[in-house]
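# Analysis of the macromolecular model
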Amino acid sequence: MTLVSRLKATTASLGRATIGIALGVSLAAALLAGAPRAFAQDAVPAHDHAAIVPATGEGPALWSVSDADSTIYLFGTVHVLRPDTPWGSAKVDAAFDASQNVIFEISNPDDQAALMPLIQQYGLSPQTPLSSLLTPEELAALDTAARSIGGSAAQFDPLRPWLVALSLSVAPLVKAGYDPKSGVELILKHRAEEAGKPVTGLETIDRQVEILAGLSEATQLAFLRSTLEDFDEATTELDTLVDAWATGDVETINRVGVIDIRTASQEIYDALLTRRNTVWADQIQTMLAGSGVTFIAVGSAHLAGDDSVQEILEARGVQVTRR
């Protein structure tokens, strides 16, 4: 199979995988936080701190890992939500309240000031403009997508494909009512700060940018092409995953948000999920060697599937219990 035909096949299967990426990397929320200013002319007003709407059933899934003197809760999140998404639950509240500290993927998902220098360093490639990498038809599709959110293909031309793809995959969500300030991490971070709980991250925003920027050019272009092809379907796909997350349907999250990534691109799957999950499992085992109660909240794609954090821990002999 030639590179061109392989990329076409990959593009066809990467559509839903882009939504899995939004679940798997909290950088997506940071970009979305800037979207109303940069792109979305019809964006819904952002909320300072959205209230949590109670779930109609048990709510999102929660797990715990414990030994004689420590308990670690694992809670899967969605980085952006509509303000009226019902996801509050007594079990999550109890676990959060009992925890002495809170850990997210990154400690500063709302820090635009930290993100901008990284975009300058890893997201620009004026020596290889995007227009030199795409066909005329693809450039026309890019311009159509960009104009629908208040931009243009010319504005994206100096950017690397990974950044354009991620920006285009999340920006339309604002217009569909998704609000970055309704994302789970920002709400829980506000609650933790009000309660005086220390907030830290399993990794840094620098690391998340480096992961995406480190993808091969061929994979970045496949990611961008799939985003352009499925631009109008992004909201529908995310709605499906949010509904599954809010009801604790981990099987659907795995099928739609995890398996699709692996099917589309082993490179993306390993970079965004497998290797990071392994590092996080290492950190959790180190925490278990200490004491106390910790609440960890990461994108729900990390807590679903054969290479999830829980599966890695259990393969090492660590017992994980779904609450």
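Just above sits the structure.
Summary of the structure given here.

Attention shifts here to the packing of aromatic side chains. Tallied over the entire structure, the rule returns four aromatic pairs. Ring geometry for tryptophan 87 against tryptophan 245: centres 5.7 Å apart, planes inclined by 45°, an arrangement best described as tilted. Of this pair, tryptophan 87 sits in strand S4 (residues 86-88) while tryptophan 245 sits in helix H12 (residues 234-246), and the two are 158 residues apart along the sequence. The class for tryptophan 87 is buried, based on a relative accessible area of 4%. With centroids separated by 5.3 Å and ring planes inclined at 75°, the aromatic side chains of phenylalanine 96 and phenylalanine 295 adopt a geometry described as edge-to-face. Residue phenylalanine 96 is located in helix H4 (residues 90-98), and its partner phenylalanine 295 is located in strand S7 (residues 292-299); the two are separated by 199 residues in the primary sequence. There is no split in this pair, since phenylalanine 96 and phenylalanine 295 are both buried.

All right, on to the pairing of strand S5 (residues 101-104) then. Taking every second residue as pointing to the same face, both faces of S5 are buried, with Asn101 and Ile103 on one and Val102 and Phe104 on the other. As paired strands, S5 and S7 are joined by four bridges and run parallel to one another. Directly across from asparagine 101, in S7, lies its bridge partner threonine 294. Relative to strand S6 (residues 199-201), S5 is paired through three bridges, and the arrangement is parallel. The partner of isoleucine 103 across the bridge, within S6, is threonine 200.

Calculation rules
- Residues numbered from 1 in each chain as written.
- Predicted model: local features only at pLDDT ≥ 70, side-chain atom pairs only at ≥ 80, totals over all residues.
- Heavy atoms only, no water.
- Phe/Tyr/Trp six-rings, centres within 6.5 Å; stacked < 30°, edge-to-face > 60°.
- Helix = DSSP H or I, 4+ residues; strand = E, 2+ residues; numbered from the N terminus.
- Buried < 20%, exposed > 50% of the residue type's maximum accessible area, 1.4 Å probe, protein only.
- Pairing = 2+ DSSP bridges.

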